[in-house]
Amino acid sequence: LANEKMDGFEVIYKGQVARVEIVQCKSRFNPTDPTHFRFYLFKLVIIVRGGVHYYAELQVHHEAFLIHDFESKSHDHYEFFRRELARYYNSFVGDQLKFMLEERMKVFYQISQTPILLSMLIVCMSASTHNLEKNLPKDIFQLYESSMQVVAAKHFDDDKEAKQLI
């Protein structure tokens, strides 16, 4: 469709002819992590009577992906982690926050693929419900370290003795 319409096409809106031209088409089907939506992104220019130009972006989604995203609440998960990161790293903005979120989501994707890592994450998160940031690992090494600390602390009355064990 995009190839056929790259030269533009005309539409009639409220009795007026407008010309739509595709400026750019990007495929978003190769995301860096599981939280990204899969779609085509079209950048358009719409030229109306008198040569007035309007610019727009159009996302074209496949129905099966939309249904999956809705049922799995994937955007809710993305927003949860974005909100948590923003709370603790509010001095970072824009691309820095996005980069941090994507890196963190890569770790969580790796964790979700390995049952033992997922179990370790549950151990870490169950340790404290009021300080989530402290228990969200930044990498797999930190997941191992944190989960061992939580387990050791549960089995030893003396926190000093638990730390020596680790």
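Bear in mind the structure is a predicted one, so any value in this text is a computation, not a measurement.

**Q** Explain the sheet that holds strand 1 (residues 9–13) to me, please; I cannot follow it from the model alone.
**A** Note on sheets: strands pair through backbone hydrogen bonds, and any given pair is parallel or antiparallel. Spatially, four strands are ordered 1-2-3-4 in an open sheet, and the strand pairing comes out antiparallel. Looking at which strands have only one partner, the edges of the open sheet turn out to be strand 1 and strand 4 (52–60). Pairwise comparison of adjacent strand axes, ignoring direction, gives a mean angle of 35° for this sheet. One ladder, built from five bridges, connects strand 1 with strand 2 (residues 16–27); its direction is antiparallel. Bridge pairing in strand 2 places Val-11 opposite Ala-18.

**Q** Would you take a moment to explain the nonpolar core for this structure?
**A** Soluble globular proteins: nonpolar side chains tend toward being buried together. Judged by nonpolar contacts, the single largest core of 15 residues is most densely connected at Phe-81, Leu-101, Phe-108, Ile-111, Leu-117 and Leu-143. At the level of elements, helix 3 (74–88), helix 4 (95–112), helix 5 (115–126) and helix 7 (140–155) are the ones that each hand at least two residues to this core. Of all the elements, helix 4 adds the most residues to this core, at five residues. Beyond its immediate stretch of four places on either side in the chain, Leu-117 contacts Gln-110, Ile-111, Ile-140, Leu-143 and Tyr-144.

**Q** Help me out: how do you make sense of helix 7 in this one?
**A** Given 3.6 residues per turn, any residue in an α-helix points the same way as the ones three and four places further on. For helix 7, with 16 residues, the first-to-last C-alpha span of 23 Å sits near the 22 Å given by 1.5 Å per residue. Listing the buried residues of helix 7 in full gives Ile-140, Leu-143, Ser-146, Ser-147, Val-150 and Ala-152.

**Q** Any chance you could explain the packing of helix 5 against helix 7 here in plain terms?
**A** Two numbers describe a pair of packed helices, the interaxial angle and the distance between the axes. Closest axis-to-axis distance for the helix 5/helix 7 pair is 9 Å, and the angle between their directions is 55°. Classified by the angle between their axes, helix 5 and helix 7 sit oblique to one another. Relative to helix 7, the crossing made by helix 5 is left-handed. Side by side, helix 5 and helix 7 meet where Leu-117, Met-120, Leu-121, Val-123, Cys-124 and Ser-126 of the first sit next to Ile-140, Leu-143, Tyr-144, Ser-146, Ser-147, Val-150, Val-151 and Lys-154 of the second.

**Q** Got a minute to help me understand the pattern of salt bridges in this structure?
**A** Side chains bearing opposite charge may pair, as long as their charged atoms lie close to each other. Scanning all chains against the criterion turns up three salt bridges. For Glu-21, the salt bridge is made with Arg-19, and the minimal N-O distance between the two is 3.1 Å. By relative accessible area, which is 28% here, Arg-19 ends up partly exposed. Across the pair Lys-43 and Glu-57 runs a salt bridge, and its minimum N-O distance is 4.0 Å. You can see Lys-43 sitting in strand 3 (residues 40–48) and its partner Glu-57 sitting in strand 4, a full 14 residues away along the chain. When its relative accessible area of 27% is taken as the criterion, Lys-43 is described as partly exposed. Of the residues examined, Glu-57 reaches a relative accessible area of 55% and is grouped as exposed.

**Q** I keep staring at the side chain of Ser-147 and nothing clicks. Help me out?
**A** Tracing the sequence through the fold places Ser-147 in helix 7. A distance of 3.1 Å separates the side chain of Ser-147 from the backbone oxygen of Tyr-144, its partner in a polar contact. Those residues in contact with Ser-147, other than ones at most four positions away along the chain, are Met-120, Val-123 and Cys-124.

Rules and cut-offs
- Residues numbered from 1 in each chain as written.
- Predicted model: local features only at pLDDT ≥ 70, side-chain atom pairs only at ≥ 80, totals over all residues.
- Heavy atoms only, no water.
- Pairing = 2+ DSSP bridges.
- Helix = DSSP H or I, 4+ residues; strand = E, 2+ residues; numbered from the N terminus.
- Axes fitted to C-alpha atoms, helices over the stretch in contact; angles between N-to-C directions.
- Core = buried A, V, L, I, M, F, W, Y, C linked by side-chain atoms within 4.5 Å.
- Buried < 20%, exposed > 50% of the residue type's maximum accessible area, 1.4 Å probe, protein only.
- Contact = heavy atoms within 4.5 Å.
- Expected span 1.5 Å × (residues − 1).
- Parallel < 35°, antiparallel > 145°, perpendicular 65-115°, else oblique.
- Left-handed = near helix turned anticlockwise from the far one by under 90°.
- Salt bridge = Lys/Arg side-chain N within 4 Å of Asp/Glu carboxyl O.
- Polar contact = N/O pair within 3.5 Å; in protein donor to acceptor, adjacent residues only side chain to side chain.

Note that every value here comes from positions in space, so none of it alone points to a role or purpose.
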